[in-house]
Protein chains: 2
Amino acid sequence: MMEKEITIYDLAKILAISPATVSRALNDHPAINAKTKSLIAEKAAELGYRSNTFASHLRTRKTNTFGVIVPRLNSNFMSTVLAGMEEVANNFGYNLLISQSLESEIKEQANARTMFNSRVDGLLVSVAYDTESFEHFSTFISRNIPVLFFDRVMDHPQCGTVVIDNEQAGYDATSHLLDQGCRRIMHVTGDTRRNVYAHRLEGFKRALAGQNLPLDNQLILQTDLSQEAGRMVAAQIDQMQEKPDGLFIANDLCAAVCMQALKEMGHLVAADIAIVGFNNDPVSQVVSPQLTTVYYPGYQMGKTAMTTMIGQLTGTKSPDNSEAIILRSELIIRRSSIRVGDF
Amino acid sequence: MMEKEITIYDLAKILAISPATVSRALNDHPAINAKTKSLIAEKAAELGYRSNTFASHLRTRKTNTFGVIVPRLNSNFMSTVLAGMEEVANNFGYNLLISQSLESEIKEQANARTMFNSRVDGLLVSVAYDTESFEHFSTFISRNIPVLFFDRVMDHPQCGTVVIDNEQAGYDATSHLLDQGCRRIMHVTGDTRRNVYAHRLEGFKRALAGQNLPLDNQLILQTDLSQEAGRMVAAQIDQMQEKPDGLFIANDLCAAVCMQALKEMGHLVAADIAIVGFNNDPVSQVVSPQLTTVYYPGYQMGKTAMTTMIGQLTGTKSPDNSEAIILRSELIIRRSSIRVGDF
DNA sequence: GTGAAAGCGCTAACAG
DNA sequence: CTGTTAGCGCTTTCAC
């Protein structure tokens, strides 16, 4: 049943050559005769030889594995990013060790420790809601293991980042609502310790300021952007004396639920209240009216992050030469926010 | 900058004891004095010692890592399953090596090879659309590495499976439509080489047969269940002479898009055509009308699969004692299929 | 309860 | 172009 594992020593003995030659041949070392190479490769295949990566890693101190820490796996955006990362990593012969922080810094620290102990060659992180400290990443930095943040990033001189221009996206979304004649716009955001939400909020503010509109703090709601939050926002709007005529929610699923709830309460989407979401989640296309949103290039972000990481590791880029890559995002205008013609 | 890695030899030297004792203490070996244990643990923590997993794996031939191969990472269902797996694995100190087959058997084989070379302790797989051969998994079996299938499974005497009762779910969904008075029900399915689609179809057929309704092959559409497919199905229905009055689509996102398209073409959902989806994707709750669907316990499936795998590995279950675990799924009735009252 | 010593399978000087 | 040799850091018999 249990077949015996065959090693380079077995191959060496059978072929009457040295293990070193076998090792070199298998690694396609230039100094080895092409004939011996193919001879060895053949025999290896025949006997079902597989390299013992641990022995190899033990020597080389490289694992060919990247750690990835994300807040949650089960969001459309994140799984799209991961899909992009996986594709690139796979092409370059790297593996991915994936774990989720479940939006908790504590868990994130534990994940980071596991990654560290697993001796990943590099770490890609999108931080949790409540992460404050950089501490759990500094162990990597001090051992020269590259750390790259994507989407929800931390600011650190030695870490690259891959993001979209959230400020501009927030500005565009808000400006669109202003263009539609909205004058009382509510913004539903997440934890503003996170760049993605903070910057969207800044963009929101800049757009209002551009029209000399006052900033009403009552109209800025910090939530967890869950579906539940969407329902609560709708209930709150329903109760308000002076209702907003525009609504910019930093997450599609939350926005979709909120829109649904508002409709049930008798509000007319677009006419009464124009709505813009964020992410271009599949959900945004199947709600009615279809949801105006910001296209968020998740797959591209994953590919870019991984490419950057590999580039850094293979020395194309110096490891302490951090860089910030900004991907293009784009406002997608759909029916939920079209009011022109109502005037 | 680059801190030196500290080993059990360093600890041994500093504490003037043998490396063997350090190793045993760190692994909580019973034969070691509690005092020496804590002394060693303390020093280890102080110096930032981390176990070199490769050296350890090289000796023990265990990796504490499971491989997971899924068709795609970026589906709500799959990422939910993965989230469940990750939680359990993490609790038991295992890591996850995740890769996607992108619905291609070729890629799946490559993934399996990588997993094999990475010497995963076990493999969890949900197979691709077009997978026919078991070949790429038999290498695992012959080396006694447990292989467990979940959701999209293969039949093999030595592999456990975790699934829902797709036949029953298909039956329930169809029966519900029949209960609503539908007599001409269309079923949109995926590749019927896959158990999940084949069984739902069987349930569909059984429900019709229970009412002595004829089986019209024109009303069974095999598609890839994409959003695009949803649009095509709607177009096709729109063109039909005798239109179906019920529609059972084996995927929520596809169903949601189809429903949307039908509405735009002027068809009345529920009244003209009652619709049932599958998966309880978030999308199903935000479309209007809300979509009747089958709740698919993804998180639970991930947890169960992982628990089973770990149980098998730790010897609770004999490895060649395959088992089939069937999780409960549940029809969730919403507005898209309610016609009672229209008569 | 602790130590000595061998070896897991591979790679990389170094030597020829 | 190929071989010799010495570890990588850990676990684990076998002693004491």
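Given the structure is predicted, the values throughout are model-derived calculations rather than measurements. (Residues numbered from 1 in each chain as written. Chains lettered and ligands numbered in written order. Predicted model: local features only at pLDDT ≥ 70, side-chain atom pairs only at ≥ 80, totals over all residues. Heavy atoms only, no water.)

Chemist: Just checking my understanding: could you explain the UniProt feature "domain: HTH lacI-type" (unreviewed entry) in chain A for this structure?
Modeler: Per the UniProt annotation, the sites labelled "domain: HTH lacI-type" (unreviewed entry) are residues 6-60 of chain A. In the segment residues 6-60 of chain A, helix accounts for 69% and strand for 0%; the C-alpha atoms at its two ends are 21 Å apart. (UniProt positions renumbered as here; feature names shortened; annotations may be inferred. Helix = DSSP H or I, 4+ residues; strand = E, 2+ residues; numbered from the N terminus.)

Chemist: Is there a simple way to think about the sheet that holds strand 7 (residues 220-222) of chain A in this case?
Modeler: Sheet strands pair by backbone hydrogen bonding; their relative direction is either parallel or antiparallel. All names here are of chain A. Pairing in this open sheet of 4 strands is parallel, and the strands run 7-6-8-9 from one edge to the other. Lying at the two open borders of the sheet, with one neighbouring strand each, are strand 7 and strand 9 (274-276). Between one strand axis and the next, the sheet turns through 15° on average, direction left out of account. Where helix 10 (residues 227-239) meets the sheet, it contacts strand 6 (185-189), strand 7 and strand 8 (246-249), and its direction lies at approximately 155° from that of strand 6. This element, helix 11 (residues 252-264), spans strand 8 and strand 9 of the sheet and lies at about 150° to strand 8. (Pairing = 2+ DSSP bridges. Axes fitted to C-alpha atoms, helices over the stretch in contact; angles between N-to-C directions. Contact = heavy atoms within 4.5 Å.)

Chemist: Any chance you could explain the protein's contact with DNA strand C here in plain terms?
Modeler: Close to DNA strand C lie 27 residues, the nearest being A:Tyr9, A:Arg59, B:Thr21, B:Arg59 and B:Arg61. Protein-adjacent atoms of DNA strand C, using a 4 Å cutoff, are sugar or phosphate at a proportion of 63%. With respect to DNA strand C, the backbone of A:Ile8 contributes an N or O atom lying 2.7 Å from a phosphate oxygen. A:Tyr9 has a polar side-chain atom sitting 2.3 Å from a base nitrogen of DNA strand C. Of all the elements in the fold, those that place two or more residues in the surface near DNA strand C are helix 1 (8-15), helix 2 (19-26) and helix 4 (53-60) of chain A together with helix 2 (19-26) and helix 4 (53-60) of chain B. The element contributing the most residues to the surface near DNA strand C is helix 4 of chain A, with 5 residues. (Near = heavy atom within 4 Å. Polar contact = N/O pair within 3.5 Å; in protein donor to acceptor, adjacent residues only side chain to side chain.)

Chemist: Just to check I follow, could you spell out the relation of the copies chain B and chain A for this structure?
Modeler: Two chain copies, one operation linking them: a rotation about an axis together with a shift along it. Between chain B and chain A, which share one sequence, the superposing operator has a rotation angle of 180° and an axial displacement of 0.1 Å; the RMSD is 0.2 Å. This pairing of chains is accounted for by a two-fold axis. A symmetric contact is evident, with 98% of the interface residues of chain B recurring at the interface of chain A. (Least-squares fit on C-alpha atoms with pLDDT ≥ 70 in both.)

Chemist: Help me understand the domain arrangement of chain A in this model?
Modeler: One frequent convention defines the size of an interface as the accessible area lost when the parts assemble. We note that the domain assignment places domain 1 (8-57), domain 2 (65-165 + 298-328) and domain 3 (166-296 + 331-337) within chain A. Just the C-alpha atoms count here: the centres of domain 1 of chain A and domain 2 of chain A sit 35 Å apart. (Domains from an automatic or database assignment.)

Chemist: Please explain the sheet that holds strand 6 (residues 185-189) of chain B as it appears in this structure.
Modeler: Residue and element names in this part refer to chain B. With parallel pairing, the 4 strands of this open sheet are ordered in space as 7-6-8-9. Two strands lie at the open edges of the sheet, namely strand 7 (220-222) and strand 9 (274-276), each paired on one side alone. Taking the axes of each pair of neighbouring strands and ignoring which way they run, one obtains an average angle of 15° across the sheet. As defined by bridge partners, strand 6 adjoins strand 7 across 3 bridges and the pair is classed as parallel. Across the sheet, His187 pairs through a bridge with Ile220, a residue of strand 7. Against the sheet, helix 8 (residues 166-179) makes contact with strand 6, strand 8 (246-249) and strand 9, and its axis sits at roughly 165° relative to strand 8, the strand it touches most.

Chemist: Help me understand the pattern of salt bridges, please; the structure alone is not making it clear to me.
Modeler: Pairing of side chains with opposite charge becomes possible as their charged atoms draw close. All names here are of chain B. The full count for this structure, using the stated rule, is 26 salt bridges over all chains. Asp121 is paired through a salt bridge with Lys62; the nearest N and O atoms lie 3.3 Å apart. Highlighted residues: Asp121 in the loop between helix 6 (105-117) and strand 3 (122-125) and Lys62 in the loop between helix 4 and strand 1 (65-70), separated in sequence by 59 residues. The class for Asp121 is buried, based on a relative accessible area of 10%. With a relative accessible area of 34%, Lys62 lands in the partly exposed category. The partner of Glu167 in a salt bridge is Arg206, and the shortest N-O contact between them spans 2.8 Å. Here Glu167, found in helix 8, pairs with Arg206, found in helix 9 (residues 195-210); they are 39 residues apart in sequence, far enough to count as distant. Residue Arg206 is classed as partly exposed on the basis of its relative accessible area, which comes to 35%. (Salt bridge = Lys/Arg side-chain N within 4 Å of Asp/Glu carboxyl O. Buried < 20%, exposed > 50% of the residue type's maximum accessible area, 1.4 Å probe, protein only.)

Chemist: Hey, could you run me through the environment of A:Leu47 in this one?
Modeler: By secondary structure assignment, the location of A:Leu47 is in helix 3 (residues 34-47). For A:Leu47, a relative accessible area of 32% translates into the label partly exposed.

Chemist: Before we go on, may I ask you to explain the side chain of B:Arg339 in this structure?
Modeler: Residues and elements named next belong to chain B. Relative to the helices and strands, Arg339 is located in the segment after strand 12 (330-332). Summary of buried charges: Arg339 has no salt-bridge partner, and the nearest side chain of opposite charge, Asp245, is 4.3 Å away. One polar contact links the side chain of Arg339 to the main-chain carbonyl oxygen of Ala270, over a distance of 3.5 Å. Residues contacting Arg339, with those up to four places away along its chain left out, are Gln180, Gly181, Cys182, Asp245, Ala270, Ala271, Asp272 and Ala274. (Lys, Arg positive; Asp, Glu negative; His and termini not counted.)

Chemist: When you look at the environment of A:Ala34 in this model, what are you seeing that I'm missing?
Modeler: Residue and element names in this part refer to chain A. You can see Ala34 is positioned in helix 3. For Ala34, a relative accessible area of 58% gives the class exposed. Sequence separation of Ala34 and Ala274 is 240 residues, and the distance between their C-alpha atoms is 69 Å.

Chemist: Mind showing me how you'd approach helix 13 (residues 298-313) of chain B here?
Modeler: For an α-helix the count is 3.6 residues per turn, leaving residues at separations of three or four pointing the same way. Here helix 13 of chain B spans 23 Å end to end across 16 residues, near enough to the 22 Å set by a 1.5 Å rise per residue. Residues of helix 13 of chain B that are buried include every one of B:Gly298, B:Met301, B:Gly302, B:Thr304, B:Ala305, B:Met306, B:Thr308, B:Met309, B:Ile310, B:Gly311 and B:Gln312, and no others. (Expected span 1.5 Å × (residues − 1).)

Chemist: Which parts of the structure should I look at to understand the interface of chain B and chain A?
Modeler: Across the boundary between the two partners, chain B contributes 57 residues, which contact 56 residues of chain A. Here chain B and chain A share an interface that buries about 5,200 Å² over both sides, 51% of which is from carbon and sulfur atoms. Considering only the side of chain B, the residues that lose the most area to chain A are B:Arg50, B:Phe54 and B:Arg143, jointly responsible for 15% of the buried surface there. Counting across the chain B and chain A interface gives 6 salt bridges. One can count 17 residue pairs in polar contact (both at pLDDT 80 or more) joining chain B with chain A. Elements with a contribution of two residues or more to the side of chain B that touches chain A: helix 4, helix 5 (76-91), strand 2 (95-100), helix 6, helix 7 (135-142), helix 11 (252-264) and helix 12 (283-286) of chain B. A class-by-class count of the residues in the side of chain B that touches chain A yields 21 nonpolar, 26 polar and 10 charged. (Buried area = accessible area lost by both parts, 1.4 Å probe. Nonpolar A, V, L, I, M, F, W, Y, C, P; charged D, E, K, R; others polar.)

Chemist: I keep staring at the packing of aromatic side chains and nothing clicks. Help me out?
Modeler: Aromatic ring pairs are described here by two measures, namely the spacing of the ring centres and the angle between the planes. Going through the model one piece at a time under the given rule, you end up with 19 aromatic pairs over all chains. A centroid spacing of 4.6 Å and a plane angle of 25° characterise the contact between B:Phe66 and B:Tyr94, whose relative ring orientation is stacked. Pair noted here: B:Phe66 is in strand 1 and B:Tyr94 is in the loop between helix 5 and strand 2, with a separation of 28 residues, a long-range link. Side by side, B:Phe66 and B:Tyr94 carry an identical accessibility label, which is buried. The side chain of A:Arg152 reaches across the aromatic face of A:Tyr129, ending 5.0 Å from its centre. Taking NZ or CZ as reference, A:Arg206 lies 3.9 Å from the ring centre of A:Tyr171, over its face. (Phe/Tyr/Trp six-rings, centres within 6.5 Å; stacked < 30°, edge-to-face > 60°. Lys NZ or Arg CZ within 6 Å of the ring centre and 35° of its normal.)

Chemist: Explain the nonpolar core to me, please; I cannot follow it from the model alone.
Modeler: Soluble globular proteins tend to pack their nonpolar side chains together in the buried interior. A:Phe150 and B:Phe150 are the most contacted members of the largest nonpolar core, which has 153 residues in total. Not counting the four nearest positions on each side in its chain, B:Phe150 is found in contact with B:Val68, B:Val70, B:Met78, B:Val81, B:Met85, B:Leu124, B:Val125, B:Ser126, B:Val162, B:Met301 and B:Ala305. Ranked by size, the runner-up nonpolar core spans 40 residues in total, among them A:Met115, B:Val127, B:Cys159 and B:Val163. (Core = buried A, V, L, I, M, F, W, Y, C linked by side-chain atoms within 4.5 Å.)

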